Amino acid sequence: MIPKISIRAGAIAAALALALSACGSSSGGGSGASAMGPGYNLASSQVLNASVKAGGTMNLISSQTFDSIDPGITYSAQTWNLFRMFARPMMAYEHTPGGNQIVGDLATGPGKESDNGKTWTYTLDPGATFEDGTAITSSDVRWAIERSNWSSLVGNGPTYFRNILTPSSDPRFAQFANLDVYKDGDKAFDKIIDTSDPTKIVFHLPNSFGEFDYVMTLLQTAPVERGIDSKDAGDTYAKKPISTGAYKIQSYSPGKELKLVPNPAYNQQSDPNHMHVARAALVDVQLGVDSGERDQELLDGQADADLGSALNVADHAKVLQDNVLKSETDDAPDSSIAYSSINTQLIPDVDCRQAIEYAVNKNTVQNQLGGSWGGSIATNLLPPSIPGAVQFPTYTYDPGKAKTLLAKCKSDSPQLFDSSGALSFKIAAQVNAPDLQNAATAIQSSLAGVGINTQVTLFPFGQYSQYCGNQDYSRAHKLGMCLANWGPDWLTGYGMLDQLVTANGISATGSQNYAFLNDKTVNDLEQDALNSVEPSTQQQDWVKIDHRVMDLAAIVPLTQRNVMRFRSSNLTNVMINQAGSGGYDLSVLGVK
């Protein structure tokens, strides 16, 4: 088993009270680029412009669109951060600068562990309601988890609950492989998720699992009213989720705009840890804005903050050379990596994959991702912020070695090469992400230098996993490499690696394991880590997985990311933390 991670329990002081006692406000008024900000790179260590003022319009912006507006089936940092404004998970990260401690949100506190880590019991805060005034019960939490893990909706969000509660490797759970709760009902879960007491939810796990409180931070635990949702298998709910948080959805135009307003039914007394506060009278989120235009709106003061993306590399110098703009900027590590997968199904020969690793000139890639401002060159997967992570060298740029390995691969696996005798495939990057696109082009140039022919192709951010994570599509369209950014769902080896490189991250569509790596050694090492009682042993197993994945050349780590973000001086209560998925914590922001 894994021992329970130490978590700071009990109520925390109100986020804004902490802010006001801990730090000062901006020197100067106004909005946008017209006012001097609090200072450069401060939001990870202090609350900026602390204020309890309510009202006004907060203008947020993104060059991306949502994979879904349904909290249960979304899987990106920007949506998790934003959707916490209207959805209450059972557990959540506290609102402190740089904070990564978790406390109760809809739950009164961390779960009570028993049966050697196989049983977890949570109690709901009394008085919590949906936006229509209906009281929230444990059955609503159970249904939220079931619909997002055992139904036709599966494929977009993470699959932790499915993998932990009904592991496919255990024959006792064979009936759950194709179960759809919308069609088959959820009677089969009565002995797995007990909600006989409407104020408590009890999970009975087949195996010990010490990180379950972290799993309960997922938005898949945000309650869903079964009676409304089950009428059309989630279709209506997915278009306009019913709020359980301090804000609610006023309107949503897919791919264009989301508007949030305060939720009058929100009972602040049901939130003693002050996890949800509606400071703005309106939150206007513009979506799918060209990334260049997005940066211009931020720097001109027309938008207050991006949902989570970095400023384009092309704008770094402009910001850093202007004292006012620099005072409104942060450039901080966010525990994520920029990487490219290598499709192990399309390119099964490890010599070919290692040739790709040696052929990539990471210095040129780093330049496209912001140089030293965008982070340091990565050589492995686990970022330094993960406890027990070890940084180790792997593949250094060596075209000669790449050509030698490529020749061996061609001799052993000639079927992988096209009629011209070249290894050929496509490199995927995201629409409206010019830095990743430029990185893909740099990789294309490096690979061409050793005789590998590639074509860069672009897919929309919101549907990226439906292409790169679709096994059939990836094979048929020869998606050999997919560039993306990846950060841990929580700061442990499991939270970083499970969905990225193990069998748990593979599904028919919507896989997060874009390499489709299903390696017995990796999977067994993960199980060893989960079965261990020693933290040091667990951490060593995650490092062994890191080494194994690199030996198999399934992923090309590119950079340990720093993210240069911009925050208008018009914003109050600004902080970077895990509650903000490594970015600005949107749930506590207000405007002057």
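Use the structure listed above.
Described below are features of the structure shown in this document. Quick caveat, the model's predicted, so the values are computed rather than measured. (Residues numbered from 1 in each chain as written. Predicted model: local features only at pLDDT ≥ 70, side-chain atom pairs only at ≥ 80, totals over all residues. Heavy atoms only, no water.)

Bringing the sheet that holds strand 6 (residues 193-194) into the picture now. With antiparallel pairing, four strands are arranged side by side in an open sheet as 4-5-7-6. Edge strands, defined here as strands with exactly one partner in the open sheet, are strand 4 (112-114) and strand 6. Where strand 5 (residues 119-123) and strand 7 (residues 200-204) come together, five bridges link them in antiparallel fashion. Looking across to strand 7, one finds that tryptophan 120 is bridged to phenylalanine 203. Running over the sheet, helix 3 (residues 138-149) touches strand 6 and strand 7 and is turned about 40° from strand 7. (Pairing = 2+ DSSP bridges. Helix = DSSP H or I, 4+ residues; strand = E, 2+ residues; numbered from the N terminus. Contact = heavy atoms within 4.5 Å. Axes fitted to C-alpha atoms, helices over the stretch in contact; angles between N-to-C directions.)

Before going further, it helps to spend a moment on the packing of helix 18 (residues 493-501) against helix 20 (residues 535-551). Relative orientation of the contacting elements helix 18 and helix 20 amounts to 35°, with a least axis distance of 10 Å. In the crossing of helix 18 with helix 20, the sense of the turn from one axis to the other is left-handed. Residue-level contacts link Gly493, Tyr494, Leu497 and Val501 of helix 18 to Trp542, Ile545 and Val549 of helix 20. Classifying every residue of the contact of helix 18 with helix 20 gives six nonpolar, one polar and no charged. (Left-handed = near helix turned anticlockwise from the far one by under 90°. Nonpolar A, V, L, I, M, F, W, Y, C, P; charged D, E, K, R; others polar.)

Here we take up the packing of aromatic side chains. Counted according to the given criterion, the structure contains 26 aromatic pairs. Centroid distance phenylalanine 459 to tyrosine 467: 4.4 Å. Interplanar angle 15°. Geometry classified as stacked. Members of the aromatic cluster, each reached through a chain of ring pairs, are Tyr160, Phe209, Tyr214, Trp490, Tyr494 and Trp542. The ring of tyrosine 40 carries the charged tip of lysine 326 above its face, separated from the ring centre by 4.9 Å. (Phe/Tyr/Trp six-rings, centres within 6.5 Å; stacked < 30°, edge-to-face > 60°. Lys NZ or Arg CZ within 6 Å of the ring centre and 35° of its normal.)

Core analysis: the biggest nonpolar cluster contains 149 residues, and Leu82, Phe203 and Phe212 have the highest contact counts within it. Once residues within four sequence positions are removed from consideration, phenylalanine 203 is found in contact with Lys118, Thr119, Trp120, Tyr122, Ile145, Phe161, Leu165, Ile192, Ile193, Phe212 and Met216. Counting eleven residues, the second-largest nonpolar core is a separate cluster that includes Leu311, Val319, Leu320 and Phe566. (Core = buried A, V, L, I, M, F, W, Y, C linked by side-chain atoms within 4.5 Å. Buried < 20%, exposed > 50% of the residue type's maximum accessible area, 1.4 Å probe, protein only.)

Quick look at the pattern of salt bridges now. It is possible for side chains bearing opposite charge to pair when their charged atoms get close. All told, the structure shown has 21 salt bridges when counted by the stated rule. For aspartate 235, the salt bridge goes to lysine 239, with nearest N and O atoms at 3.5 Å. With a gap of four residues between them, aspartate 235 and lysine 239 both fall in helix 8 (residues 235-239), about one helical turn apart. Ionic pairing is found between aspartate 306 and arginine 294, a salt bridge with its closest N-O pair at 3.5 Å. Separated by twelve residues along the polypeptide, aspartate 306 in strand 11 (residues 305-306) and arginine 294 in helix 9 (residues 291-300) bring together distant segments of the chain. Judged by its relative accessible area of 7%, aspartate 306 falls in the buried class. We classify arginine 294 as buried; its relative accessible area is 2%. Linked through salt bridges whose partners overlap, the residues forming this network are Arg142, Glu146, Asp186, Lys187, Asp190 and Arg226. (Salt bridge = Lys/Arg side-chain N within 4 Å of Asp/Glu carboxyl O.)

What follows is about the state of the cysteines. Under the definition given, this model contains two disulfides. The residue that forms a disulfide with cysteine 468 is cysteine 482, at a sulfur-sulfur distance of 2.2 Å. Judged by the sign of its S-S torsion, about -95°, the bond between cysteine 468 and cysteine 482 is left-handed. Of the two residues, cysteine 468 sits in helix 16 (residues 464-468) while cysteine 482 sits in strand 16 (residues 479-486), which places them 14 residues apart along the sequence. Grouping residues by exposure puts cysteine 468 and cysteine 482 together as buried. Numbered in order of appearance, the disulfide-bonded cysteines of the chain are paired 1-2, 3-4. (Disulfide = S-S within 2.5 Å.)

Nothing here speaks to function; it is geometry throughout.
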